[in-house]
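Overview (structure and organization)
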Amino acid sequence: MVQLVGPLRKELADSLSTCKVLVVGAGGIGCELLKNLVLTGFKNIEVIDLDTIDVSNLNRQFLFQKKHVGKSKAQVAKESALQFCPTANIAAYHDSIMNPDYNVEFFRQFVLVMNALDNRAARNHVNRMCLAADIPLIESGTAGYLGQVTVIKKGMTECYECQPKPTQKTFPGCTIRNTPSEPIHCIVWAKYLFNQLFGEEDADQEVSPDTADPEAAWNPEDATARATASEKDGDVKRVSTKEWARSTGYDPVKLFNKLFKDDIMYLLTMDKLWKKRKAPTPLDWLQLENTACPQDEAPGSGLKDQQVLSVWGHCQMFQHSVETLRSQLQEKGEAAELVWDKDDPPAMDFVTSAANLRMHIFSMNMKSRFDVKSMAGNIIPAIATTNAVIAGLIVLEGLKILSGEIESCRTIFLNKCPNLRKKLLVPCVLDPPSANCYVCVSKPEVTVKLNVHKTIVLSLQDRILKERFGMVAPDVQIEDGKGTILISSEEGETEANNSKFLSDFGIRNGSRLQVDDFLQDYTLLVNVLHTEELERDVEFEVVGEAPDKAPPPQTNQEEVNSITNGNKDSAQPSTSSKAPANDDDDIMIVDSDNEEMAASSSAAPATSGTKRKHSDAETGETSTKRPRTDQSSAAAAPADNNDDDDDIIALD
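Computed from a predicted model, the values in this text were never measured in an experiment.

Here is what the cut-offs are and how they apply
- Residues numbered from 1 in each chain as written.
- Predicted model: local features only at pLDDT ≥ 70, side-chain atom pairs only at ≥ 80, totals over all residues.
- Heavy atoms only, no water.
- Helix = DSSP H or I, 4+ residues; strand = E, 2+ residues; numbered from the N terminus.
- Buried < 20%, exposed > 50% of the residue type's maximum accessible area, 1.4 Å probe, protein only.
- Areas by Shrake-Rupley, 256 points an atom, 1.4 Å probe, with all protein chains shown as cover.
- Phe/Tyr/Trp six-rings, centres within 6.5 Å; stacked < 30°, edge-to-face > 60°.
- Lys NZ or Arg CZ within 6 Å of the ring centre and 35° of its normal.
- Contact = heavy atoms within 4.5 Å.
- Polar contact = N/O pair within 3.5 Å; in protein donor to acceptor, adjacent residues only side chain to side chain.
- Pairing = 2+ DSSP bridges.
- Axes fitted to C-alpha atoms, helices over the stretch in contact; angles between N-to-C directions.
- Right-handed = clockwise from strand over helix to strand, strands pointing away.
- Expected span 1.5 Å × (residues − 1).
- Salt bridge = Lys/Arg side-chain N within 4 Å of Asp/Glu carboxyl O.
- Core = buried A, V, L, I, M, F, W, Y, C linked by side-chain atoms within 4.5 Å.

Each helix and strand in the protein chain was counted, giving 16 helices and 20 strands. The 652 residues of the protein chain split such that 56% are buried. Total accessible area computed for the protein chain in this model is approximately 27700 Å², and 49% of it derives from carbon and sulfur atoms.

Time to look at the packing of aromatic side chains. A full pass over the atoms with the stated rule returns 18 aromatic pairs. Taking 5.7 Å as the distance between ring centres and 85° as the angle between the ring planes, the aromatic pair formed by F106 and F107 counts as edge-to-face. With respect to class, F106 is no different from F107; both count as buried. A ring pair is formed by F106 and F110, whose centres lie 5.2 Å apart and whose planes are at 75°; its orientation type is edge-to-face. Residue classification places F110 among the buried positions, given a relative accessible area of 2%. The ring of W189 carries R358 above its face, with NZ or CZ at 4.4 Å from the centroid.

Our focus in this paragraph is the environment of D305. Its place among the elements puts D305 in the loop between α11 (285-291) and α12 (311-332). Spatially, the C-alpha atom of D305 lies 6.3 Å from that of S368, the residues being 63 residues apart in sequence. Not counting residues up to four positions away in its chain, the partners in contact with D305 are S368, R369 and F370. Polar side-chain contacts of D305 include one of 3.2 Å to the side chain of R369.

Moving on to the sheet that holds strand β17 (residues 522-530). Across the sheet, which stays open at both edges, the six strands sit in the order β15-β14-β16-β17-β13-β18 with mixed pairing between neighbours. Either end of the sheet is taken by a strand with one partner, and the two such strands are β15 (485-487) and β18 (540-542). Averaged over all pairs of adjacent strands, the angle between strand axes in this sheet comes to 30°, irrespective of strand direction. With four bridges joining them, strand β14 (residues 475-478) and strand β16 (residues 512-517) adopt antiparallel strand pairing. Bridge assignment links Q477 to a residue of β16, and that residue is Q514. Helix α16 (residues 457-468) rests against β13 (445-450), β14, β15, β16, β17 and β18 of the sheet, and its axis sits at about 65° to β15.

This next bit is on the pairing of strand β6 (residues 112-115). With burial as the criterion, each face of β6 is covered, one bearing L112 and M114 and the other bearing V113 and N115. By the bridge criterion, four bridges tie strand β3 (residues 20-24) to β6 in an arrangement that is parallel. Note on β6: the bridge partner recorded for L22 is V113. Where β6 lies against strand β7 (residues 137-143), two bridges are found, and the strand directions are parallel. Residue pairing for β7: V113 is matched across the bridge by L137. Between the parallel elements β6 and β7, the chain passes through helix α5 (residues 120-133) in a crossover that is right-handed.

This next bit is on helix α2 (residues 28-40). The terminal C-alpha atoms of α2 lie 19 Å apart, and with 13 residues this matches the ideal 18 Å at 1.5 Å per residue to within 8%. In terms of residue burial, α2 counts as a mostly covered element, since ten of its 13 residues are buried. Within α2 the residues assigned to the buried category are G28, I29, G30, C31, E32, L33, L34, N36, L37 and V38. Directly beyond the C-terminal end of α2, a positive phi value near 125° is found at G41.

Glancing now at the pattern of salt bridges. Within the structure shown, the criterion is met by 20 salt bridges. Its salt-bridge partner being K400, residue E397 comes within 2.9 Å of it at the nearest N-O pair. Here the residue E397 and the residue K400 both occupy positions in helix α15 (residues 384-402), the gap between them amounting to three residues, near one helical turn. The salt bridge partner of K449 is E541, with a shortest N-O separation of 3.9 Å. In this pair, K449 is assigned in strand β13 and E541 in strand β18, connecting sequence segments 92 residues apart. Overall, the relative accessible area of 25% leaves K449 in the partly exposed class. Taking relative accessible area as the criterion, E541 reaches 31% and is therefore assigned partly exposed. One network of salt bridges, with partners in common, ties together D305, D349 and R369.

Residues F107, L465 and L486 are the most contacted members of the largest nonpolar core, which totals 54 residues. Examining the composition of this core, we find that seven residues originate from one element, α5, more than from any other. Setting aside its immediate chain neighbours within four residues, L486 contacts V457, L460, V476, I478, T494, N497, L502, F505 and I507. Counting 53 residues, the second largest nonpolar core, distinct from the first, contains L255, W285, L338 and V372.

Moving on to the pairing of β3. With four of five residues buried, β3 lies mostly within the body of the structure. Relative to strand β4 (residues 44-48), β3 runs parallel, the two sharing five bridges. Its bridge partner being in β4, V23 is matched across the sheet by V47. Following the chain from β3 across α2 to the adjacent parallel β4, one finds a crossover that is right-handed.

Shown next as structure tokens:
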């Protein structure tokens, strides 16, 4: 007769009390997951999260309270979880999982790793570490009402990077507020600014410099001190951006100098942010006005919306839009609020000008009004219930693994609406590893197309190997018969090479580079394909499938949602024909209306591709996933009644 300990078999209950598991992330999913683990009977848990608690987390991350604002998420989550089960042994790390201290040997001490992360770089890294350590990984994500859980096991299932992923579409709050590196970061910031000045204020949409940015103050005590400097018992007292603007009479010049000069100068005092980044350059209204040229105001050729204005041109657009929006507020009366609409000219002008001025400050190429409008999108709220459901599913999959039944694990999708079989939760059989994956195959190899006469070594390291291929500390050796070391992860060894072109080292069409990341225990062979015909502003291209490419569009309606969770609860169904698209922290952006995230290129019609079939784990029926032909239908459309596969979502 089977012995039970509560609802579990005794053998399984004993296993839970002795095995050691790692939880990566202590945000929306992470809080729910940690609570579930201790209540299920897990006794040895380690949790890691770099983030600190913000007041905007409190509406959904229920292990935190007001008095915890500014403190380490991992540490407070541990303390709160121990109240559910004081006998549990929980270790908390206020740190980045990508820190070299957490190497393959660190991962090998765990029986199981569970991700509750907020960005693709960390997801890629944990995926590779678990593959290197041969430890099962449970990946998860949420986006509004949508969610997903899947299991990754070396040699048995697809890894996180087996399937191409669309470009990330949600970003950490500190990236938006402190360290934007892409135009979309500035566009999101500008839309938040509109709401802070003219619309409904939201704590999740703060635009001022984030003084509690853990990267700005690596020491957790410093981060806590900054975050609590103006608070009492966790009740943070902030000066309302709208109230300050009202006190100035919405003076465009004062607003300009505050946003683009004073705030930027304050960011420069957070010097740790700029050790490895180019520092921003503040703008001053009077100085720009005095140096403006007549041609800065002259209209360019071509359609007005497709022209990229000068800096002073955007200053004037900012001034005119603020004056118009101020008049609209006055007409509506006291305590009135405006709602941002991409089809409202002054609102669109405001976001275009503010975003472009910020792009210029952070050394990015400015965009036309047309491009900004096509990239601006909706923000999806984080749903606490979705996080709770997904966290429960993570534990259920974990119990299967610990029972020795990993073959019965499934990828499970949580949908907003029931499909034709009346199911909200849809399990699908796990796919085997992809033969084309450049991470989990036995000998990973890629071909990169670039101009060896224009690509410098630093770009190869940062843009290609780190950003594109997710490496942390790559070492590069040229296969030239001499074993020439091009890049070394040891500080100072090859820095003199950084500004040299690849051709200076004899790299040409057909050259091969062996790249090793010892932290990830990962080796990649890079074949160089020289070309002088890359499109404008394109530094390189990866030949064939690559993770930055959206999955090949197929035919008819598609239900492939790329989902990711952030520790401020962002995630993204990025290719769903039903779901909003996105990933990372508390900022959620929807592809649906081509507003905040859909790049202008996303409007291009999709080409046909191959079909993949997934069998439903309960019914055994086989369903064909068909990528949608219009990315913009992502969030708006409910499940298509003619498609049984409105439940298929691709993880991210």
